[in-house]
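Structural characterization, general
Residue strings, one per chain:
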Amino acid sequence: MPEMGLEGKVAIVTGAGSRAPGIGNGRAAAILLAREGCKVALLDATKELGDATKEMIDAEGGTSMVVVANVAEQASCEAAVKTIFDSWGRVDVLVNNVGIGGPMGNAVDTDADAWDAAWRINVTSMMLMAKYAIPEMRKAGGGAIVNIASIDGLRGGNPNLFYTASKGAVVQMTRAMASHHGPEGIRVNCIAPGYVYTPMVFAQGMEAELRERRRKNNLLQTEGTGWDIGKGVVYLTSDQARWVSGIILSIDAGSMAGTVGNTTPIKAFD
Ligand SMILES: NC(=O)c1ccc[n+]([C@@H]2O[C@H](COP(=O)([O-])OP(=O)(O)OC[C@H]3O[C@@H](n4cnc5c(N)ncnc54)[C@H](O)[C@@H]3O)[C@@H](O)[C@H]2O)c1
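Residues numbered from 1 in each chain as written. Predicted model: local features only at pLDDT ≥ 70, side-chain atom pairs only at ≥ 80, totals over all residues.

Once that is clear, we can look at the overall build of the protein chain. Along its length, the protein chain carries eight helices and seven strands. The globule rule puts the C-alpha radius of gyration for 270 residues at 18 Å, and the 19 Å found for the protein chain is close to it. Among the 270 residues that make up the protein chain, the fraction classed as buried is 46%. Of all intrachain contacts in the protein chain linking residues separated by at least 6 positions in sequence, the fraction that spans at least 24 positions is 75%. (Helix = DSSP H or I, 4+ residues; strand = E, 2+ residues; numbered from the N terminus. Rg over C-alpha atoms; globule rule 2.2 N^0.38 Å. Buried ≥ 20, exposed ≤ 12 C-beta atoms within 10 Å, placed from the backbone. Contact = placed C-beta atoms within 7 Å.)

Next up, the structure:
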């Protein structure tokens, strides 16, 4: 059984801050990768949010640095990867975590300009970060990329067309990137989180009733957190997943498997 193999590796986590106090998916992934011995580049558009994650990693004796960058801008992604490579001499892991809710509404209601701008943040950003990280992974002899999508990228049902479409694009981008870069030892996987309770969803206020409805909306009837997603990132980036590429790992307490079943048997057709 392979060890984790993350000790001494260099990992980039985009959106490694959290938009409000608490543990988001990116922050959890960064902290857990640091616990495995990675040097973690905490890439965030807002320095203070990255700093807060760094303080948490510092407190545990881990190694990290904050890199301020906007993943929607090509030059910013290029400069960020260069800074990280110049500082630590390699890049092994990329976690493309940044994602926003984006414009609301169905096709009729959605603002087309807001759609274009948000697409750069949710989708184009992951291509841009990979564009600059992959050449460094090649130098290291391989690497691992994890793209964060959503269960909304695997099914309909979200009232906002943008979020569903952009996360669906992340799912397909993962499969395509896995096939392009597998032969050079770069594994590309995707996590599709269910409705976890993170600052992304509670920062703008979430009523207790909605929180409870989200909790009950999965098969385990249990609330998920950023740590659940972070654990998946650690697995997929570690050597324990050395034979895993191109998968879409739903971490969702069974939401994608189905709805909570009616336990009363009904008479079947004869
Ligand atoms: N919370 C959920 O229920 C849920 C469900 C499914 C998927 N997701 C996905 O998880 C990811 C978000 O996870 P999180 O909890 O870390 O989010 P978060 O909203 O707390 O954001 C993390 C960080 O991203 C940074 N950021 C935003 N735009 C940026 C940009 N353009 N460039 C650089 N940094 C930027 C923010 O400053 C913030 O610190 C998203 O991709 C989201 O779609 C979340």
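Now that the structure has been shown, the text picks up again.
Helical geometry note: an α-helix holds 3.6 residues per turn, so side chains three or four residues apart project in the same direction. Relative to the 30 Å expected for 21 residues at 1.5 Å per residue, helix H5 (residues 161-181) spans 30 Å between its end C-alpha atoms, a close match to the ideal helical length. Inspection of H5 places Phe162, Tyr163, Ser166, Lys167, Val170, Met173, Thr174, Met177, Ala178 and His181 among the buried residues, and these make up the whole buried set. Here the buried residues of H5 occupy an arc of 135° about the axis, which is enough to place them on one side. Along H5, exposed side chains directed more than 90 degrees from the buried face belong to Ala176 and Ser179. The secondary structure elements touched by the buried residues of H5 are helix H4 (112-140), strand E5 (143-148), strand E6 (186-193) and strand E7 (248-251). (Expected span 1.5 Å × (residues − 1). Arc of directions from axis to C-beta.)

Residues in contact with the ligand amount to 30 residues; listed here are only the nearest, Gly15, Gly17, Gly24, Gly26 and Gly99. Contributing elements (two or more residues each) for the shell around the ligand: helix H1 (25-35) and helix H6 (199-202). With three residues, the top contributor of residues to the shell around the ligand is H6. Split into classes, the residues belonging to the shell around the ligand amount to 14 nonpolar, 14 polar and two charged. (Near = placed C-beta within 6 Å. Nonpolar A, V, L, I, M, F, W, Y, C, P; charged D, E, K, R; others polar.)

Following both chains from N to C, one finds H1 and helix H8 (residues 226-237) inclined at 50°, their axes separated by 8 Å at the closest point. Considering the angle they form, H1 stands oblique to H8. The two elements H1 and H8 meet at a crossing, and its hand is right-handed. Contacts between H1 and H8 involve Asn25, Arg27, Ala28, Ala29, Ile31, Leu32 and Leu33 from the former and Gly226, Trp227, Ile229, Gly230, Lys231, Val233, Val234 and Thr237 from the latter. In the contact of H1 with H8, the residues fall into nine nonpolar, four polar and two charged. (Axes fitted to C-alpha atoms, helices over the stretch in contact; angles between N-to-C directions. Parallel < 35°, antiparallel > 145°, perpendicular 65-115°, else oblique. Left-handed = near helix turned anticlockwise from the far one by under 90°.)

Next up on the list: the environment of Ala34. Secondary-structure assignment places Ala34 in helix H1. On a C-alpha basis, the gap between Ala34 and Leu6 in space is 9.0 Å, while along the polypeptide they are 28 residues apart. Once residues within four sequence positions are removed from consideration, Ala34 is found in contact with Val40, Ile57, Glu60, Gly62, Thr63 and Ser64.

A separate point is unusual backbone geometry. Despite not being glycine, Gln221 has its phi angle at roughly 55°, a positive value. Following the sequence through the fold, Gln221 ends up in the loop between helix H7 (208-216) and H8. Under the C-beta neighbour-count criterion, Gln221 is labelled exposed, with 11 such atoms within 10 Å.

By size, the foremost hydrophobic cluster in this structure holds 66 residues, and its most contacted members are Ala11, Ile12, Val13, Ala30, Leu33, Val40 and Ala133. By residue number, the principal contributor to this core is H4, which donates nine residues. Once you skip the residues sitting within four places of it in the chain, Leu33 turns out to touch Leu6, Ala11, Val13, Cys38, Val40, Val234 and Thr237. (Core = buried A, V, L, I, M, F, W, Y, C linked by C-beta atoms within 7 Å.)

The subject of this paragraph is the environment of Val71. Here Val71 lies in the loop between strand E3 (63-68) and helix H3 (74-88). On the basis of neighbour counts, which here come to 25 C-beta atoms within 10 Å, the residue Val71 falls in the buried class. Spatially, the C-alpha atoms of Val71 and Asp44 are 8.3 Å apart, while their sequence positions differ by 27 residues. Residues in contact with Val71, not counting those within four places in the same chain, are Thr14, Cys77, Val98, Ser125, Leu128 and Met129.

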